[in-house]
Amino acid sequence: MWGIEVIFKGKNLIRLLGGLGTALEISLIAVAISIPIGIILGILMAGRNPVIKAILRVYLDFVRIMPQLVLLFLVFFGTTKVWGWDLSGEVSAVIVFSMWGAAEMSDLVRGALNAIPQHQYESAQSLGFTPLQTKIYIVIPQCVRRLIPLSINLITRMVKTTSLVLMIGVVEVLKVAQQIIEANRMSAPNAAFGVYLFVFALYFAVCFVLSIAARKLEKKWS
Amino acid sequence: MPELLKVNNLIKRFGDSTVLDDISLTVKKGEVVVILGPSGCGKSTLLRCINALEDIQGGEILIDGENILTGGKHNSKVGMVFQSYDLFPHLTVLDNITLAPCKVQKRDKAQVRDEARELLKRVGLFDKEKSYPRELSGGQKQRAAIVRSLIMHPELLLFDEVTAALDPEMVREVLEVILDLAKQGKTMMIVTHEMQFARAIADRVIMIDGGKIIEENPPERFFTNPDTERARQFLNTFTYESVRA
Amino acid sequence: MNAEVLNEYLPLFGNAALLTVWLGLAGIGLSIVIGLICSLVQFYKIPVARQIVRIYIELSRNTPLLIQLFFIYYGLPKIGIKTDPAVCGVVGLAFLGGSYMAETFRSGLEAVDKVHSESAFTLGLNKLQTFIYVILPQALSTSIPPFVANVIFLLKETSVFSAVSLMDLMFTAKDLIGLYYNTTESLFLLVVFYLIILLPVSLLGTYLEHKLGTPGVRQSIRKNAASRKERKTTIKEGVVNVGN
C-alpha cells in the first residue's frame, strides 16, 4: 500500500541503505576533519592574539552565517570557474562540511574554555601546578566532558546537513529514492509517499539515536 | 486575644519521608511566634503549608476558622516573605508593590501608589521606588519584599529565613523593619537562625526537630532554661564555649 | 566579473530574495505560534497533548528540512494532500521551526525561578495573571538571544526551497549558472543577497544579547567580570611584590 512495497522489491532496500551510507560516510569524514581543526581554532579564539582572533572571527562568522547550500555552491561551482578544478560533489561536500563543522566546533571549544572559571586557574596556580599541568589535569578533563555531548549533536546536525548534497548531484538516499520512484512509476504510481516516508524514517532513526546518546552523556556529565 | 491561626495534627510527606509529623499549634492575633530548629527540620515546610504552597497529607490548617485549602485559592489573610530575593526582576520596586493590589484587589491605582510610597518611606526606601531589583542591595530587596507583602494587608505575616541569604551587615536593617512591625502589633510567624533577634522579638518560641514540636515556651525560658535536652543541645551549637573547652 | 551581467542579474536576484524573505517570515511567524503552543503544553504539563508535542519535537528536530519538504511536496499528494510550492515551503519551515521555537520558549519559561510564581500565588494572583505579569515578561527576555539564533537558522534553511521548485535565491543562481555559465556573477550575487538578508539579523542578535539579556544574569556576569579583573590585578601586584 502507498508504495511501501516498492522498497522491498529487488535491490531497492539495499540501494536506499547504500545511499544513506554515502551520506553517513560524507558526514563522518567531515566530522573527523572538523573536530581537530575546530579544537585548534577554538583554542586560538580563546587566546589573546588580537590579529589572529580578528581574522578567524571574520572567517568563522562568514561560514556560520551562510547557508550550507550556498557554501556547497561556492565550492562546487566556484572552484571550477576560478581554478578550473573539477571537484566531484562528494569531495566538495567533504570540504564544505569540514569547513563548516570546524567553525561550529571552534565555537563549542571556545565556549567550553571560557566556561572554566578564573578561580580554578588561580587555585591551580596556588597549589603549585605549572600552566601545562593545569591544562592536563584541570582544563582538558572538564572541556572534554562538556564537548563530547556537544560533538555528538554536531554529528547529528552534520548528518541532517548531508541531505543537501542531493542539490549538487551526489547520489545519496534522496537521489536513490527518486530513481526508485521513477523506475516504478507504472507499477506503483503512488510509490512517492511510501518511499519518501521511508527516507524520512531512515534519517530519523539515525539522528534520533545520536540525539539520545548526546542527551544521556549530557545528563551523566553535567 | 482570639485565635488567628489554628493548625491541627498537620502531616506533610514528601514521598516516603514524613517532614511534618502531627503538628498542632495556635497563633493568637497580635502574637509573634518564632520557629527554631536545625536545618531540614521542617520549619520552612510548615510556613509553606500555612501559605498553601504545599498540599498536606493529614490534619487541617484554619485561618480565622476557615480552612486554607478550600477552593485551591490563596487565602488573602496570609502574606509571606521568602528567603531568596523574590522581587519580580522585570518590574521596578513600585510596580512590584502595586501589581497585586491593582490586579488582584482591584484597588484604585493612585491610592495604592500613595500607600506604597508611605510604606517605602517607613522602611527607608523612599528614593528607590523607580529602581529595579538588580540595582538594590540584598537588604533593600528584602525590605521592598516586605512592603510588597504588607500592602495586601494580610492578618498573618510569614517570614521564611528572610535574612539567611544576606551579608551580615545587611541583616540588621531587615530585622529592624520586622521589629517595627511587631511593635505595631502585627501577627507574625518567623523562621530564623538569628538567635538574638528571635529572643528580642518572640512572644513565644516553638522548636521543631524531626518534623515534631519539641518545645514551646516564652523566649526567656527557652533561651535560658529550656525544658528539653534537645533544645539545650541546639542552643549550644550557636555558642563556641564547648569548642574552647 | 562582468558589470553588465551583474546589472542584468540584479533584479532577478532581488525578486528571488524577496520570495525567500516572504516565505521565510511566513514560516517563522507560524513557527512562533506552534512554538508558543507547544511550550505552554510542556510547561503546564498538559496530559496527552504533552506526549504528542514530545513526539512532534523529536520528529521535527531529527530530520532534515529537505526530507520533510520532499515528503510534503512529493509524498503527500499521493494520498490526496496536495500543496502548492509556496504553501509547502512555509508549512515545511514551520514544521521544522516550531520545534526549535518550542524548545527556546520552554527553556525560557523554565528559567523563571519558582519563587516568583510562589510569590505571585502568595500575593493572590491567579494562574493567568501570574503567567501574564510575572512569568511571560521574564521568559521573553531570556528567550531573545536563542530566538534570534532560531530566526537566522530558519532563514538559512530556506535555501533548500528550490527543491520544491520555488524560485528563490538558490534556484536563480543554479538556473543562471546552468544556462549561461556566468558562475562568478551568480555566486557573487548569491552571497551578497544572503548577507543582506542575514547580516542585519545576526547583528541585531549580537546587539540584543549585549543589551537585553536577563537583568539579573547580566548584572551577575558583569559583577563576575569586575571581580575577576580585580583579582587579576591583585595577583599581578602580588607577583610584583614578591619580585621586589
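Conventions we followed
- Residues numbered from 1 in each chain as written.
- Chains lettered and ligands numbered in written order.
- Predicted model: local features only at pLDDT ≥ 70, side-chain atom pairs only at ≥ 80, totals over all residues.
- Heavy atoms only, no water.
- Helix = DSSP H or I, 4+ residues; strand = E, 2+ residues; numbered from the N terminus.
- Buried < 20%, exposed > 50% of the residue type's maximum accessible area, 1.4 Å probe, protein only.
- Areas by Shrake-Rupley, 256 points an atom, 1.4 Å probe, with all protein chains shown as cover.
- Rg over C-alpha atoms; globule rule 2.2 N^0.38 Å.
- Lys, Arg positive; Asp, Glu negative; His and termini not counted.
- Charge placed at Lys NZ, Arg CZ, Asp CG, Glu CD.
- Contact = heavy atoms within 4.5 Å.
- Pairing = 2+ DSSP bridges.
- Right-handed = clockwise from strand over helix to strand, strands pointing away.
- Buried area = accessible area lost by both parts, 1.4 Å probe.
- Salt bridge = Lys/Arg side-chain N within 4 Å of Asp/Glu carboxyl O.
- Polar contact = N/O pair within 3.5 Å; in protein donor to acceptor, adjacent residues only side chain to side chain.
- Nonpolar A, V, L, I, M, F, W, Y, C, P; charged D, E, K, R; others polar.
- Axes fitted to C-alpha atoms, helices over the stretch in contact; angles between N-to-C directions.
- Phe/Tyr/Trp six-rings, centres within 6.5 Å; stacked < 30°, edge-to-face > 60°.
- Lys NZ or Arg CZ within 6 Å of the ring centre and 35° of its normal.

Enquirer: What should I look at first to understand the overall build of chain C in this one?
Expert: Each helix and strand in chain C was counted, giving nine helices and zero strands. Its helices and strands taken in sequence order, chain C reads α-α-α-α-α-α-α-α-α from the N to the C terminus. Scored against the burial criterion, the 244 residues of chain C give a buried share of 47%. Accessible surface computed for chain C: about 12,000 Å², of which carbon and sulfur atoms make up 67%.

Enquirer: What exactly am I supposed to notice about the overall build of chain B here?
Expert: Within chain B, the secondary structure is distributed over nine helices and ten strands. Its C-alpha atoms give chain B a radius of gyration of 18 Å, within 12% of the compact-globule value 18 Å for 245 residues. Seen along its three principal axes, the alpha-carbon backbone of chain B occupies a region of about 55 × 45 × 35 Å. Counting across all 245 residues of chain B, residues that qualify as buried make up 51%. Entry remark: accessible area of chain B is about 11,200 Å², with carbon and sulfur atoms responsible for 47%. Averaging the coordinates of the 33 positive side-chain charges in chain B and doing the same for the 36 negative ones gives two points 4 Å apart.

Enquirer: In this structure, what is going on with the arrangement of the chains? I would like to understand it.
Expert: Inter-chain contacts occur across two pairs of chains; the most extensive set of contacts lies between chains A and C. Separated in space, chain A and chain B share no contact, their closest pair of C-alpha atoms being 21 Å apart.

Enquirer: Help me out: how do you make sense of the pairing of strand β8 (residues 187-191) of chain B in this one?
Expert: Residues in a regular strand project their side chains so that they alternate between the two faces of the sheet. All names here are of chain B. The element β8 is extensively covered by neighbouring structure, given that five of its five residues are classed as buried. Side-chain alternation along β8 places T187, M189 and V191 on one buried face and M188 and I190 on a second face that is also buried. In terms of strand pairing, strand β3 (residues 32-36) meets β8 through four bridges, oriented parallel. Residue V33 lies in a different strand from β8, and its bridge partner there is M189. For strand β7 (residues 156-160) and β8, the ladder comprises five bridges, and the chain directions are parallel. Residue pairing for β8: L157 is matched across the bridge by M188. For the crossover from β7 across helix α5 (residues 168-183) to β8, the handedness is right-handed.

Enquirer: How should the interface of chain A and chain C be read in this particular structure?
Expert: One widely used convention gives an interface's size as the accessible area the parts lose upon coming together. Across the contact, 39 residues belong to chain A and 41 residues belong to chain C. Summed over both sides, the interface of chain A with chain C buries roughly 3,800 Å², with 75% coming from carbon and sulfur. E58 of chain C serves as the salt-bridge partner of R215 of chain A, at 2.9 Å between the closest nitrogen and oxygen. Seen at the junction of chain A and chain C, the total is seven residue pairs in polar contact (both at pLDDT 80 or more). Looking at the side of chain A that touches chain C, the elements with two or more residues in it are α3 (50-65), α4 (68-83), α6 (118-126), α7 (131-162), α8 (173-183) and α9 (191-221) of chain A. Here the element with the most residues in the side of chain A that touches chain C is α9 of chain A; it accounts for twelve residues. Tallied by class, residues from the side of chain A that touches chain C come to 25 nonpolar, nine polar and five charged.

Enquirer: Hey, could you run me through the sheet that holds strand β6 (residues 78-81) of chain B in this one?
Expert: Sheet strands line up and pair through hydrogen bonds in the backbone, either parallel or antiparallel. All names here are of chain B. A sheet is described by the order of its strands in space; here six strands give the open sequence β6-β7-β8-β3-β9-β10, paired in mixed fashion. Looking at strand neighbours, the two that pair on one side only are β6 and β10 (212-217), the edges of this open sheet. Within this sheet the neighbouring strands show an average axis-to-axis angle of 20 degrees, counted without direction.

Enquirer: Before we go on, may I ask you to explain the interface of chain C and chain B in this structure?
Expert: Listed per partner, the contact involves 18 residues of chain C and 26 residues of chain B. The largest per-residue losses of area from chain C upon contact with chain B belong to F121, T122 and L123 of chain C, which jointly make up 33% of the total buried on that side. Summed over the shared surface of chain C and chain B, the result is one salt bridge. For E118 of chain C, the salt bridge goes to R48 of chain B, with nearest N and O atoms at 2.4 Å. At the junction of chain C with chain B, the criterion picks out seven residue pairs in polar contact (both at pLDDT 80 or more). Among the elements of the structure, α5 (114-122), α6 (127-157) and α9 (215-243) of chain C are those that each provide at least two residues to the side of chain C that touches chain B. With eight residues, α5 of chain C is the largest single contributor of residues to the side of chain C that touches chain B.

Enquirer: In this structure, what is going on with the packing of aromatic side chains? I would like to understand it.
Expert: Pairs of aromatic rings are described using the distance from one ring centre to the other and the angle between the two planes. Applying the stated criterion to the full structure yields 19 aromatic pairs over all chains. Seen in terms of ring centroids, F13 of chain C and F193 of chain C are 6.2 Å apart; in terms of plane orientation they differ by 15 degrees. Their pairing is stacked. Placement of the pair is F13 of chain C in helix α1 (residues 3-43) and F193 of chain C in helix α8 (residues 183-211), with a sequence separation of 180 residues. Overall, the relative accessible area of 0% leaves F13 of chain C in the buried class. Between Y56 of chain C and F95 of chain C, the aromatic rings sit 5.3 Å apart at their centres with planes inclined by 70 degrees, giving edge-to-face as the arrangement. With Y56 of chain C in helix α2 (residues 49-61) and F95 of chain C in helix α4 (residues 85-110), the pair connects residues that are 39 residues apart, well separated along the chain. Y56 of chain C gets classed as buried once you look at its relative accessible area, which sits at 15%. Ring-pair connections join several aromatic residues into one group, and the members of that group are Y196 of chain A together with F70, Y73 and Y74 of chain C. In this arrangement the basic side chain of K121 of chain B is found over the ring face of F126 of chain B, its NZ or CZ atom lying 5.6 Å from the centre. Stacked on the ring of Y100 of chain C, the Lys or Arg R61 of chain C has its end atom at 4.1 Å from the ring centre.

Enquirer: I keep staring at the pattern of salt bridges and nothing clicks. Help me out?
Expert: Close approach of charged atoms allows side chains of opposite charge to pair. Residue and element names in this part refer to chain B. With the rule as written, the count across this model stands at 32 salt bridges over all chains. One salt bridge in this structure joins D64 and K77, with 3.5 Å as the shortest N-O distance. Of the two residues, D64 is situated in the loop between β4 (58-63) and β5 (66-67) and K77 in the loop between β5 and β6; the sequence distance between them amounts to 13 residues. Under the relative-accessibility criterion, D64 is labelled partly exposed at 34%. We classify K77 as partly exposed; its relative accessible area is 22%. One salt bridge connects K77 with E66, and the closest N-O pair in it is separated by 4.0 Å. In this pair, K77 is assigned in the loop between β5 and β6 and E66 in strand β5, connecting sequence segments eleven residues apart. Assessed through its relative accessible area of 40%, E66 is described here as partly exposed.

Nothing here speaks to function; it is geometry throughout.
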